[in-house]
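# Topology and contacts: notes
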Amino acid sequence: MAAEIWMTSSLVEDRQAARVGQLCKRFSWDPSQWWDKGFDKGNPEAPDFKHKTTKKAWINDRFSPSWLQAKLVTLTLTSSSSSSSSSSSSSCQISTGQAFRRKQLWEEFFSDPSQWWDNRSEHKRNPRSPDFKHKTAKKALWIDRRFDPPWVHARLAAMVECQEQGQSGFPMPEISGRVVRTEQLWQEFFSDPSQWWDNRFVKKSPKYPDFRHKSTHEGLWIEGFLNPPWVKAKVASMILDQMHSGGRLRSRVPNFFGNCDNVNKLCQEGQLEEALHMVELMVQQNIQAPINAYVGLLKRCARRKALTEGKQVHALVVESGLSSDIFLANTLIDMYAKCGSVLDARKVFNTMPEHNVFSWTAIISAYADHGQGYAQQGLGKQAFALYEQMRKEDMQPNNATYVVLLKACASLGALRHIHSHILKSGFESDVIVGTTLVDLYAKCGSLEHARQVFRNMRERNVVSWNAMIAGYAQQGLGKEALALYEEMKQEGMQSDEFTYVAVLKACASIAYLEQGKQIHSYIIKSRFESDVIVGSALVDMYAKCGCLEHARQVFNNMHERDVVSWTAMIAGYAQEGLGKESLRLLEHMQKEGTKPNAVTYLSVLSACSHSGLIDEGCHLFNSMCEDHGVTPTVDHYACMVDLLGRAGCLADAEDFINQMPIPPDAVVWMALLGAARNHNHVEIGRRAFDCVVKLEPENATAYVLLSNIYAAAGRSDEVARMRKDMDIVGVKQMHGCNCIEVDNQVHTFADCDATYPQSKEI
C-alpha cells in the first residue's frame, strides 16, 4: 500500500512521522521526479504528487511538517517568476482535463482583460460567485481554485503592480487602493508582529481577519486575493527560520498558535476539539502552554464527560512536564471522577508527590459519588477508608470534605458517625454542611435529627429551608411542612422555585386545595409560573386534589412542557379513572415529540386498569417493551396483574406472574390477592397470600383480604384461624387515615380515633 504524506500540523505516531520525513526530503531534493496531480484530481483523497518512477508515495494534506509547506511555497514562487508566459516551464507539471480547460480560459483572459468583468470587489457576497466573468460569452473564472496553474497568480500579481505604477493593466474598480493598503499593512505586520493579535484559531467565520492590529484594529487575511506574492514567502521563511533554529515561534510571530485566553474562550463556547487542537500545536512547537489553559480544557471535558479527550489533555500535561503541579493534578482527579473513571482518578492521586486538602476532597468525592447504589463495588467504603487515612496523615478536613463524605453514607448509622466528627470539628454551624445533614436525615426518615440540626444552625439560607420543608412533604407530613413555610415567610426569607415545589407537594399530600391556590397566587406574583418544574408541580397538586379542570388549565398555559409535566397530567386522569383521556393525552404527547418514560407508561396502565380497558392496556404494555425500548419494572407488572384481575381474568393474571422475567415482589402478589378478593376466588387468593407472607410475614393487609375471601365464601372456621394466626405472628391491622377540608382548614383523623377533639361529633 502506498505511503501517505499529509500537509497540515497534527500529532502522529513516530513510525508515520519517520516515513513522512523521508518522503518529504525525497520530494524536496528533486521535484522534477514527481507528477503534480493537485490541479486535476477529482477526489480530495487522491495524490497531490506522485513519483514518476516508483509511484509508491504521494503527498496529501495531513502529516507533513511545516518546513515542507514553506518549501512548496518557495518552489511555487520560483516557478511563477520563471514562467510568466506559459505554464510549461513550471517544475510541477499540470495534467489535462479540467485544468487544460481552465488554462485556455486564463489565456483568453490575459489576451484581452477588457472583455471580462472583475467581480472581486467587496460587492461579491457569495464565495461561489466567479471572480471574473466574460462580458459576452458569460464564461466564468475563479482565483485560488485547485485547477489554476501557478503562473496565473504570478501574472495577476504583475498586472496589479503595473496598475499601481500607472502602467497599462486591466481595470480593477475599487481594488487598487485596497491593494496598496494591504501592502502597507503587511509591511507593518512584519516590521513589528508584537502589535498584532493572532485570531486564526478562534474565528468562527472566514470573513473574520487572521491578524488584527491591537491599536487601529485593522485586519489582515493570509488567503486574501489582495495579498502580494511575497507575503506567503515571508511567512514561510519565518517558519523555516524557526524550524532550523529550534527556537520558539512566539519570538518571531507572537501568539502564532494561540494563547490561554483563546483556549479558554473556545472551551466556554463548547469547541472542545478546536481548543485541544490548539494546545496540541503549542506542545508540538515546544511552546509552553499556561496551566490555566489545561485547567480550562479539563473542566470542559468534565462537564461534557469526554473521557477520551480528557486523557488526551492528560497526555499533553505529562509531555509538558506539568504533571507534578498540585493544582493541575487536583483538576485531573476531578475530571476523571466526573467522567466515571474512578481508577484513573486514584492513579493520579497515588502518583502525586504531595497532597493538600483539596486533593483528598477530590478523591473522596470520586468514591462517594460513584459509591451510591453500588455497594457491591465497595466504593462507598473506600471513601470512608480514605477519610481515615487522611486523618492519620494529620490533614484537617474542610467543609467541602464533609459534604462529599456525607454523600457516601448509605445508612443512618454511618450518617450519625460522620455527624459526630462534624460536631468535633465545629462544622455543624456551616450552612452548607448543616443543609446537607438536614437533607440526608430527612431522606433517611429521621425527621427528629433533621429538625434538631436545622434548629441548631446559626445561619440558614433558602436551600436549608427547602431541605426541611421537602423532608416533611416526603414523609407525608403536609401540615408540618406548611407550618414551616409560614415560619420561613415570617423570617423574611425569599422563596425560590424549589420552595414552591416542596410546598405544593405538601398541599397535594393532604389534598389542601385552598392552600394550594394561595401558593399558586404567590407563584404568579413571583413570576415563577413559566418555570417548567413549578408548572409540573402545580399540575400534580391540582390533579391530586381532584381539581382536573384547574390542572388542565395550568397544563395548557405552560410555555414549555417536559416529560414530568405530561406525566403529571396523565396521572391526574388515571387517578380519576379516565383511561381514554389518558390514552389521548399520551398520543398527543408523542406527536409533539416528547418521549414517554417508564413513569408515564405506568400512569397510563393504571388508567387503563381503573377504566377496564384491557385490550388497550395489553397493547400499550407490549408497545412499551417492543417499540419504545422501555424496560418494564416490577411496578409495571403489578399494574398489568391488576388490569387482568379487575377484568376477572384471574388465571391469566397468575400465569402472567409466573412468566415474569424478574422475581415478583409482594406488591405483585398483593394485586392478585386483591383481585381474588373482588371476585371471591378462594384458591387463587390462598396461593397469592402464601407468596405475600413469604416475602412480607407481617403484612396485615394480606391477612385481612384472605379473611374477607373466606368470610364471603361462608368459611367461618377459616376466618377464625386467620385471626388466630395474626395474633400468633403479632400482626396488627393499621387503621386508615382520612383528610377533609372544612372552612379552609384540613382535618386529619383515623378510624376509631378517640383522641381527635371532635370525635364525638364525627
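Structure's up top.
Here's what I pulled together on the structure shown here. (Residues numbered from 1 in each chain as written. Predicted model: local features only at pLDDT ≥ 70, side-chain atom pairs only at ≥ 80, totals over all residues. Heavy atoms only, no water.)

### Some points on the overall build of the chain
Stated precisely, the cut-off is as follows: Under the DSSP-based scheme used, a helix requires at least four consecutive residues in state H or I and a strand at least two consecutive residues in state E, with every element numbered from the N terminus. When a residue's accessible area, from a 1.4 Å probe over protein chains only, is under 20% of the maximum for its type it is buried; when over 50% it is exposed; and in between it is partly exposed. What makes two residues a contact is simply this: any of their non-hydrogen atoms within 4.5 Å. Each accessible area value is a Shrake-Rupley result obtained with a 1.4 Å probe; residue values ignore everything except the protein chains displayed when judging cover.
For the chain, the helix and strand inventory stands at 34 helices and 12 strands. Sorting the 762 residues of the chain into buried and exposed places 44% on the buried side. When contacts within the chain are restricted to residue pairs at least 6 apart in sequence, those whose partners lie at least 24 apart make up 58%. When the accessible surface of the chain is split by element, carbon and sulfur atoms take 50% of a total near 39,400 Å².

### Things to note about the sheet that holds strand S9 (residues 211-213)
Threshold: Strand pairing requires that DSSP identify at least two bridges connecting the strands.
Here 3 strands make up an open sheet; going across it, the order is S8-S9-S10 and the pairing antiparallel. The open sheet has two free edges, formed respectively by strand S8 (196-198) and strand S10 (219-220), since each of these has just one partner strand. One ladder, built from 2 bridges, connects S9 with S10; its direction is antiparallel. Within S10, the residue paired with Phe 211 across the bridge is Leu 220.

### A word on the environment of Lys 580
Mapped onto the secondary structure, Lys 580 falls in helix H26 (residues 579-591). For Lys 580, a relative accessible area of 55% translates into the label exposed. For the pair Lys 580 and Val 604, spaced 24 residues apart in sequence, the C-alpha to C-alpha distance is 9.3 Å.

### A word on helix H32 (residues 682-695)
This is how it is decided: Expected span of a helix: the number of residues minus one, times 1.5 Å. Directions are taken from the helix axis to each C-beta atom, and the arc is the one they span.
The first and last C-alpha atoms of H32 sit 20 Å apart over 14 residues, in line with the 20 Å expected at 1.5 Å per residue. All buried positions along H32 are accounted for by Val 682, Ile 684, Gly 685, Ala 688, Phe 689 and Val 692. Projected onto a plane normal to the axis of H32, the buried residues spread over an arc of 155° and lie on a single side.

### Looking at the nonpolar core
Just so we agree on the cut-off: Buried residues of nine kinds, namely Ala, Val, Leu, Ile, Met, Phe, Trp, Tyr and Cys, make up a nonpolar core once their side-chain atoms join them within 4.5 Å.
Ranked by internal contacts, the top residues of the largest apolar core, which has 152 residues, are Tyr 294, Ile 363 and Ile 364. With residues near it in sequence (within four places) discarded, Ile 364 still touches Ala 383, Leu 386, Tyr 387, Met 390, Thr 401, Val 404 and Leu 405. Ranked by size, the runner-up nonpolar core spans 12 residues in total, among them Leu 105, Phe 109, Trp 116 and Phe 132.

### Regarding the sheet that holds strand S6 (residues 132-134)
Taken together, 3 strands build an open sheet; the order of strands is S5-S6-S7 and the sheet is antiparallel. The two strands at the open ends of the sheet, each matched to only one other strand, are strand S5 (116-118) and strand S7 (140-141). As paired strands, S5 and S6 are joined by 3 bridges and run antiparallel to one another. Bridge pairing links Asp 118 to Phe 132 in S6.

### A closer look at unusual backbone geometry
Positive phi is not limited to glycine here, since Ala 511 has a value of about 55°. Relative to the assigned elements, Ala 511 resides in the loop between helix H21 (497-509) and helix H22 (513-526). Look at Ala 511 and you get partly exposed, because its relative accessible area is 33%. Notably, Asn 680 is not glycine yet its phi reads approximately 55°, a positive angle. Tracing the backbone shows Asn 680 in the loop between helix H31 (666-679) and H32. You can call Asn 680 partly exposed: its relative accessible area is 40%.

### Brief notes about the packing of helix H30 (residues 650-658) against H31
Cut-off, in case you're wondering: Inter-axis angles, ranging from 0 to 180 degrees, are taken between N-to-C directions of lines fitted to C-alpha atoms, where helices are fitted over the stretch in contact. The cut-offs work like this: below 35 degrees is roughly parallel, past 145 is roughly antiparallel, 65 to 115 is roughly perpendicular, and the gaps in between are oblique. Following the grouping adopted for this structure description, the nonpolar residues are Ala, Val, Leu, Ile, Met, Phe, Trp, Tyr, Cys and Pro, the charged ones are Asp, Glu, Lys and Arg, and the polar ones are all others, Gly among them.
The N-to-C vectors of H30 and H31 enclose an angle of 170°; their axes lie 11 Å apart at closest approach. As summarised for this structure, H30 and H31 are arranged roughly antiparallel, according to the angle between their axes. Residue-level contacts link Leu 650, Ala 653, Glu 654, Ile 657 and Asn 658 of H30 to Val 668, Trp 669, Leu 672, Ala 675, Ala 676 and His 679 of H31. Looking at the contact of H30 with H31 residue by residue, the classes come out as 8 nonpolar, 2 polar and 1 charged.

### Describing the packing of aromatic side chains
As a reminder of what qualifies: Aromatic pairing here means that ring centres of Phe, Tyr or Trp (its six-membered ring) are within 6.5 Å. Orientation follows from the plane angle: under 30 degrees is stacked, over 60 is edge-to-face, and everything else is tilted. In our convention, an over-ring charge means Lys NZ or Arg CZ found within 6 Å of a ring centre and within 35 degrees of that ring's normal.
Per the counting criterion, the structure on display carries 21 aromatic pairs. Geometrically, the ring pair formed by Phe 109 and Phe 132 is tilted, given 4.6 Å between the ring centres and 50° between the ring planes. Residue Phe 109 is found in helix H3 (residues 98-111), and its partner Phe 132 is found in strand S6; the two are separated by 23 residues along the sequence. What makes Phe 109 buried here is its relative accessible area of 0%. A relative accessible area of 1% places Phe 132 in the buried class. Measuring from centroid to centroid gives 5.9 Å for Phe 621 and Phe 656, while their planes differ by 70°, and the two rings are edge-to-face. With Phe 621 in helix H28 (residues 614-626) and Phe 656 in helix H30, this pair connects stretches of sequence that are 35 residues apart. Like Phe 621, the residue Phe 656 is buried in the burial classification. The positively charged end of Lys 135 is found above the aromatic ring belonging to Trp 117, 4.6 Å away from the centroid.

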